[in-house]
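Observations on the three-dimensional arrangement
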Amino acid sequence: MAGLVLKQLSDFGDFSHGKELTEILSLNNNEQINSVRMSPDGRHIHVVLRKPKVSLVTFDKYERPQLAPNQKKLDLCVNVPIVDIFYLEHHGGSSSGAAVVAVVYESGKVEFWKFQECKSGWHLLQTSQLCNSPRAKVVSVCACSNLIIWCEERPPSESSPVLSATRNKLRYCVCRRDFEVNETAVSLGGVKIALHNNPDFTVVSSGEYVHLLPDLKSKPLLNISKFFLSWSPRYDSFTVSTTCKNTPLKKLSAKESDFMKLVIDCLGYLSPLEPPEICSFSPTACGGLLLLLSTGWLCLLQKDGVLRQVYKLEDNCLVNYNTHTNLGMYEDTLALIMGQNLHLIDLNCGRELEKIVLMSEALLYTNRADMCTPHLLSETGLFVVVSRGTDSRDCSFRIKSPGFSTVESIHPGALLVEAVFEEACKYYQQRSLSSTPLTVDSLKKGGRFQAPISLASILFSYLSAGFKQKGAQLSQNGGGGCITGQDKLMGSLEAELKALVSLEEVKGTLVRGSVKEVEAVCESLVEKEVLRLLSSPELDKEALLYLNSIFSIFPSEGWKAVQSALQLHYNGEGFLSSRAPPDMWKTVLSAGLSSSPVASLSLTNGGPKHNHSLKVDYFTNCKAKSTSSTSSAALPVFELLCRSVFHFQPSWLPRFLELAQKEQGSTGLGLGLAASSWSFSSGRGGDCNESNVPLYKRALCLLSSLNPDRDQQQDLEVELLLVSGRPNAILQALRILMSKKQWYRVTQVAQKCCKQSPLLNKEIFTILLCEVAHHRDLDPYLDLLWTLCPEDFTVTTILNLVLKNLPSPNTPSHSSSFLASSSTSSTPAPFTDPHSTQLTVGLLKPLLRKVLQRETKPSQRYVDILQSPSFPPPALPRQPTEQGGSVTDPSADSDLCNNITPALLAETPEQQTCTQTAIQRQRVALTANTV
């Protein structure tokens, strides 16, 4: 294939004052020329000069050259340095093609100029002030979508003390303003600060992202120069990256705009590192950034924050600031100018396509009419890279690797043959006892393995047109009996051969297709692979790792594939349904491998009921196991799907757990668990069988490892615990709600869950009654709480619970649950003061009256027997006899209740104080019923 050469497009003769432009560029003096800018349409060249005075000189190319002498030229002579020049997108109607350029000065002033060839050339639209402070100094500026973004220096006020050296370096801030180009003016929005207290940053716009690079010329602090930021105004997020690590250090929301708070976590990690310096950079217009490092590496920072090494210069070629460098990205080709050498590099493989020696230093630019081809500006004119022998009338082309044919020219049979040999290497390596890795060459040598060669020949025959014609003729003539053994073999392998061919077609589509085509193919492949894996009866370790990698590399596509495979449907009213077959749900709900963090836990669900935390009994062990496990450990399918649900639809997670429990019961996977609904059988002695771990605990363990927002995590924990339907989980959800003082939610949960079982009703009421004894937060809900009182609770039981849980007057109050009285009086508690916040008998009066009325009603237990004359009345139960005073007389409690309750319910608050003293004296005689 012919090599690549430069073709001249213009010698500046078609530009106004072209000779002057040639003279300026031929000076080749960086001290005189500050910067050169080219318009996106290639018709305007702006040169900012430093000497003999600061000025802006513009050279224009006219479509009608006869009008050029009468046009107004944009030349500015100013006393304030010009920071930068950039073009604004104009969305007007009739004059949408008119160029609007913004000239930003160091003082913060900005001038908007508009070029109209049919009128008077360049004319000033308006002059505005970017900064709010008149003392601010703009150091860098760019335009991103409809935003003007700049970094400004804000000097300290005269009244403030002298700042330290560190603080003096952090006196900059990054600001933004919306803009809209109209026919006769540019509308600017208000100033918003995106980042403050930051060092001197160079703002670089690339697509919808803005990269903040440290300005090494200003000699920043050592640690600050080791990283850079990427800001997404659309998603309002920051990414912290460094040149010595391929992945971002940190991703976080831009709600916190203080620079030090953003990067304080990364400084300790960066302090021992020595990352290479950024010597040159160029935006890619799609969110990425080309970086030329001092080590000679040319890297591509992708918009997802991954830093990819593309090309390495010669070992003895270390880049410094004195070397003239320039970068540019043109579709799949990178252009690098080092001195007077132009390197053209393939982005996909990092191979140098061509090296062209330039006559003089040049500048790369992108022409909007042909963005796939490198264009250059030098002192002799404008140039474009073309293939040797290209027709001068058609300069646009797609750069190909010289000496190599295109992908279309590669025979697919050769690729399939190599695929067969590679698969054979993997197969024989598994069966081999030698540690020496096998290669394709070693398989081919010596004729030791004939199977790959036979399979290769089958593929060649299958791909040949002769086989297809032969098969068609045989089917038409009915000559099936004459088919040879080779043809029978090929017929039996028809499905596998078609799969290999379709795989190669998919590879070709991914290589040659556009971005949208690649996204569609990836989404389709992920959907098919997820469906195939979930449909398999059992996933081995390799398949589970493969499924984890799919969700890691293609998270959004994996989430869509899950919805399609399980046929999930959300009706918008809190109900999630699935039409997936039971066998697929068995694969989803399987415990996975024993090496997974969840399966390797020893879980306990017993322990005390009141002072017990699920964080203690489960999450501590879970988190420790998850942390100690290697990053390569594969999550089971259920945990993997829960993580995907959490990332894309967090509100679905409780509903997904509810659906999974329903499917677990319907498929017969959870019958053993359903039989023991109160306690987890493996929690007391013995190890936990991984297949018996409840689904809600598996979901909670995953939730704790994801480290979401604390409030969101606790809300989801409560929902998952309630959805589980297990009594211990429900009690734990109540404790979480009570710790957050969400008393309305507590009462609603209690009212709903008390209907499940009498034992759960008893536990919930006991917990809430203890809370009533501790503080007054539940007073507005006492009427609802008294309705939850179990049928077997007596006045004695209630009084014992209350007396046992009353806070001691000498105990300091706890802000979380206790609101003890602040009085220091020596009056016995709990009736120390009329204004005290402790529990009074008056608050318990409705509950005690209700229980007494229920106790005084005739028992309905033996009503049928009493009404029947044919049966004698039942014998009275025997009373236990006292042995050495160890058993309390049961009549003591009855007498106490008979003596206290009728009079107590009619007492005034003043009289209750005396009565309380009597109750305290009788506490020794009361026996607390064990709940």
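Treat the numbers as computed from the prediction; the structure is a model and nothing was measured. (Residues numbered from 1 in each chain as written. Predicted model: local features only at pLDDT ≥ 70, side-chain atom pairs only at ≥ 80, totals over all residues. Heavy atoms only, no water.)

Section: the overall build of the protein
Applied cut-off: Runs of E in the DSSP output that reach at least two residues are strands. Runs of H or I that reach at least four are helices, and both are numbered from the N terminus. Remark: exposure states derive from per-residue accessible area (1.4 Å probe, protein chains only) relative to the maximum for the residue type, with buried under 20%, exposed over 50%, and partly exposed in between. Only heavy atoms matter for contacts: two residues are in contact if any of them lie within 4.5 Å across the pair. Here the open area of atoms and residues is found with the Shrake-Rupley method and a 1.4 Å probe, where only the protein chains shown may cover a residue.
On a plain count of helices and strands, the protein comes out with 28 helices and 32 strands. Counting all 931 residues of the protein, 44% fall into the buried class. Pairs at least 24 residues apart make up 57% of the contacts formed inside the protein by residues separated by at least 6 positions. When the accessible area of the protein is evaluated, it comes to approximately 48600 Å², of which 52% is carbon and sulfur surface.

Remarks on the packing of helix H15 (residues 637–648) against helix H16 (residues 653–666)
Let me state the cut-off plainly: Fitting a line to C-alpha atoms yields each axis, with helices limited to the stretch in contact; the angle taken between N-to-C directions then spans 0 to 180 degrees. Reported orientations rely on four angle classes, namely roughly parallel under 35 degrees, roughly antiparallel over 145, roughly perpendicular from 65 to 115, and oblique for the rest. The handedness criterion is simple: a crossing whose near helix is rotated anticlockwise from the far helix by less than a right angle is left-handed, and one whose near helix is rotated clockwise is right-handed.
Interhelical geometry of H15 versus H16 gives an angle of 150 degrees and a closest axis separation of 9 Å. Considered as vectors, H15 and H16 are oriented roughly antiparallel to each other. Crossing of H15 over H16 shows right-handed handedness. Note on element contacts: H16 touches H15 through Leu 653, Phe 656, Leu 657 and Ala 660, opposite Phe 638, Leu 641, Cys 642, Val 645 and Phe 646.

Examining the packing of aromatic side chains
For the record, the criterion: Centre distance within 6.5 Å is the pairing criterion for rings of Phe, Tyr and Trp, where only the six-membered ring of Trp is used; planes under 30 degrees apart are then read as stacked, over 60 as edge-to-face, and the remainder as tilted. Note on criteria: charge over ring means Lys NZ or Arg CZ within 6 Å of the ring centre, with the direction from the centre no more than 35 degrees off the ring normal.
Tallied over the full model, the rule gives twelve aromatic pairs. A ring pair is formed by Tyr 570 and Trp 652, whose centres lie 5.0 Å apart and whose planes are at 25 degrees; its orientation type is stacked. Here Tyr 570, found in strand S31 (residues 568–570), pairs with Trp 652, found in the loop between H15 and H16; they are 82 residues apart in sequence, far enough to count as distant. Owing to a relative accessible area of 27%, Tyr 570 belongs among the partly exposed residues under this scheme. Through a chain of ring-to-ring contacts, the aromatic side chains of Trp 559, Tyr 570, Phe 648 and Trp 652 assemble into a single cluster. For Lys 109, the ring lying beneath its charged end belongs to Tyr 105, and the centroid distance is 4.7 Å.

Some points on the pattern of salt bridges
Basically, it comes down to this: Whenever Lys or Arg places a side-chain nitrogen within 4 Å of a carboxyl oxygen from Asp or Glu, that contact is recorded as a salt bridge.
On inspection of all chains with the given rule, the structure shows 15 salt bridges. For the salt bridge of Glu 153 with Arg 171, the shortest nitrogen-to-oxygen distance reads 2.5 Å. You can see Glu 153 sitting in strand S11 (residues 147–153) and its partner Arg 171 sitting in the loop between helix H2 (165–169) and strand S12 (172–181), a full 18 residues away along the chain. The salt bridge involving Lys 740 is made with Asp 715; its shortest N-O contact spans 2.9 Å. Placement of Lys 740 in the loop between helix H20 (727–739) and helix H21 (743–753) and of Asp 715 in helix H19 (residues 710–724) is noted, with a sequence separation of 25 residues between them. The class for Asp 715 is partly exposed, based on a relative accessible area of 38%.

Some points on the packing of helix H18 (residues 695–706) against H19
Put simply, the rule is: Each residue is assigned to one of three groups, with Ala, Val, Leu, Ile, Met, Phe, Trp, Tyr, Cys and Pro labelled nonpolar, Asp, Glu, Lys and Arg labelled charged, and all others, Gly among them, labelled polar.
Contact geometry of H18 with H19 gives a least axis separation of 10 Å together with a crossing angle of 175 degrees. Accordingly, the angle class assigned to the pair H18 and H19 is roughly antiparallel. Across the interface between the two elements, Tyr 696, Ala 699, Leu 700, Leu 703 and Ser 704 of H18 pack against Gln 713, Leu 716, Glu 717, Leu 720, Leu 721 and Ser 724 of H19. Partitioned by chemical class, the residues of the contact of H18 with H19 number seven nonpolar, three polar and one charged.

Remarks on the pairing of strand S28 (residues 362–367)
Short version of the rule: Should DSSP find at least two bridges between two strands, the strands are regarded as paired.
Bridge analysis of S28 against strand S29 (residues 370–378) gives five bridges, and the strand direction is antiparallel. Paired with Leu 363 across the bridge in S29 is Leu 377. Linking two consecutive strands that pair antiparallel, namely S28 and S29, is a turn of two residues.

Observations concerning the sheet that holds strand S18 (residues 237–241)
Within the open sheet, the five strands sit side by side as S15-S16-S17-S18-S19. Their pairing is antiparallel. Each edge of the sheet is formed by a strand with only one pairing partner; in this case those strands are strand S15 (201–206) and strand S19 (250–253). Direction aside, neighbouring strands of the sheet carry axes that sit 20 degrees apart on average. Strand direction decides the pairing type here: S15 and strand S16 (residues 209–214), joined by six bridges, are antiparallel. Bridge assignment links Phe 201 to a residue of S16, and that residue is Pro 214. Lying on the sheet, helix H3 (residues 259–270) is in contact with S15, strand S17 (228–232), S18 and S19; it crosses S19 at an angle near 150 degrees.

Regarding helix H13 (residues 582–589)
When H13 is considered as a whole, its buried residues turn out to be Met 584, Trp 585, Thr 587, Val 588 and Leu 589. In this structure, the buried residues of H13 make contact with helix H10 (515–535), helix H12 (555–566), strand S32 (576–578), H15, H16 and H18.

Brief notes about the sheet that holds strand S20 (residues 278–283)
Taken in spatial order, the four strands of this open sheet run S20-S21-S22-S23, and their pairing is antiparallel. Edge positions in the open sheet fall to S20 and strand S23 (307–312), since each of these has one partner strand only. In this sheet, adjacent strand axes meet at a mean angle of 25 degrees when their direction is disregarded. Here five bridges tie strand S22 (residues 297–301) to S23, and the two strands are oriented antiparallel to one another.

A few points about unusual backbone geometry
For Asp 236, which is not glycine, the phi dihedral falls at a positive 55 degrees. Within the secondary structure layout, Asp 236 lies in the loop between S17 and S18. The backbone of Ala 285 sits at a positive phi, close to 70 degrees, despite the residue not being glycine. Relative to the assigned elements, Ala 285 resides in the loop between S20 and strand S21 (289–293).

Some thoughts on the side chain of Glu 152
This is how the line gets drawn: In protein, a polar contact requires one atom able to donate a hydrogen and another able to accept it; more generally it is a pair of N or O atoms within 3.5 Å, and residues adjacent in sequence count only if both atoms are side-chain atoms.
Mapped onto the secondary structure, Glu 152 falls in strand S11. For Glu 152, a relative accessible area of 0% gives the class buried. Side-chain polar atoms of Glu 152 contact the side chain of Trp 150, separated by 2.8 Å. Excluding residues within four positions of it along the chain, Glu 152 makes contact with Cys 131, Ala 136, Lys 137, Val 138, Val 139, Arg 171, Tyr 172, Cys 173 and Cys 175.

Overview of H15
The cut-off we apply is this: Multiplying 1.5 Å by the residue count of a helix minus one yields the expected span of that helix.
Taking 1.5 Å of rise per residue, the twelve residues of H15 would be expected to cover 16 Å, and the 17 Å separating its terminal C-alpha atoms lies within 8% of that figure. Where burial is concerned, most of H15 is hidden: nine out of the twelve residues are buried. Burial in H15 covers these residues: Val 637, Phe 638, Glu 639, Leu 640, Leu 641, Cys 642, Ser 644, Val 645 and Phe 646.

As for the environment of Asp 540
Within the secondary structure layout, Asp 540 lies in the loop between H10 and helix H11 (541–553). Side-chain polar atoms of Asp 540 contact the backbone nitrogen of Ala 543, separated by 2.8 Å.

A few points about the pairing of strand S9 (residues 121–129)
Taken together, the eight bridges between strand S8 (residues 109–116) and S9 define a ladder with antiparallel strand orientation. Looking at the pairing, Gln 116 lines up with Gly 121 of S9. Linking S8 back to S9 in an antiparallel pair, the connection comprises four residues.

Notes on the confidence of the model for the protein
Which entries qualify depends on this criterion: Per-residue confidence from the predictor is reported as pLDDT, which spans 0 to 100.
In this model, the protein carries a mean pLDDT of 74, and residues with pLDDT of at least 70 account for 69%. This model gives residues 594–631 a pLDDT under 50, and the stretch forms 76 contacts once residues within four places in sequence are excluded.

With respect to the environment of Leu 4
Along the polypeptide, Leu 4 turns up in strand S1 (residues 4–10). Residues Leu 4 and Glu 354, spaced 350 residues apart in sequence, show a C-alpha to C-alpha distance of 6.6 Å.

Some remarks on the state of the cysteines
The following threshold applies: Sulfur atoms of two cysteines make up a disulfide when they are within 2.5 Å.
Applying the stated rule across the entire model yields zero disulfides. We note that Cys 131 lacks a disulfide partner, and the nearest cysteine sulfur, in Cys 175, lies 6.7 Å from it. Residue classification places Cys 131 among the buried residues on the basis of a relative accessible area of 6%.

With respect to the side chain of Asp 258
With respect to the element layout, Asp 258 can be found in the loop between S19 and H3. There is a polar contact of 3.3 Å between the side chain of Asp 258 and the backbone nitrogen of Met 260.

Describing the nonpolar core
As a rule of thumb, soluble globular proteins bury nonpolar side chains together. Under the convention used in this document: Buried residues of nine kinds, namely Ala, Val, Leu, Ile, Met, Phe, Trp, Tyr and Cys, make up a nonpolar core once their side-chain atoms join them within 4.5 Å.
In terms of nonpolar packing, the biggest core is built from 92 residues, with Leu 566 and Ile 764 touching the most fellow members. Once you skip the residues sitting within four places of it in the chain, Leu 566 turns out to touch Ser 578, Arg 579, Ala 580, Met 584, Trp 585, Val 588, Leu 641 and Phe 656. Core analysis: the next-biggest nonpolar cluster, separate from the first, contains 28 residues, Leu 147, Cys 151, Ile 224 and Phe 227 among them.

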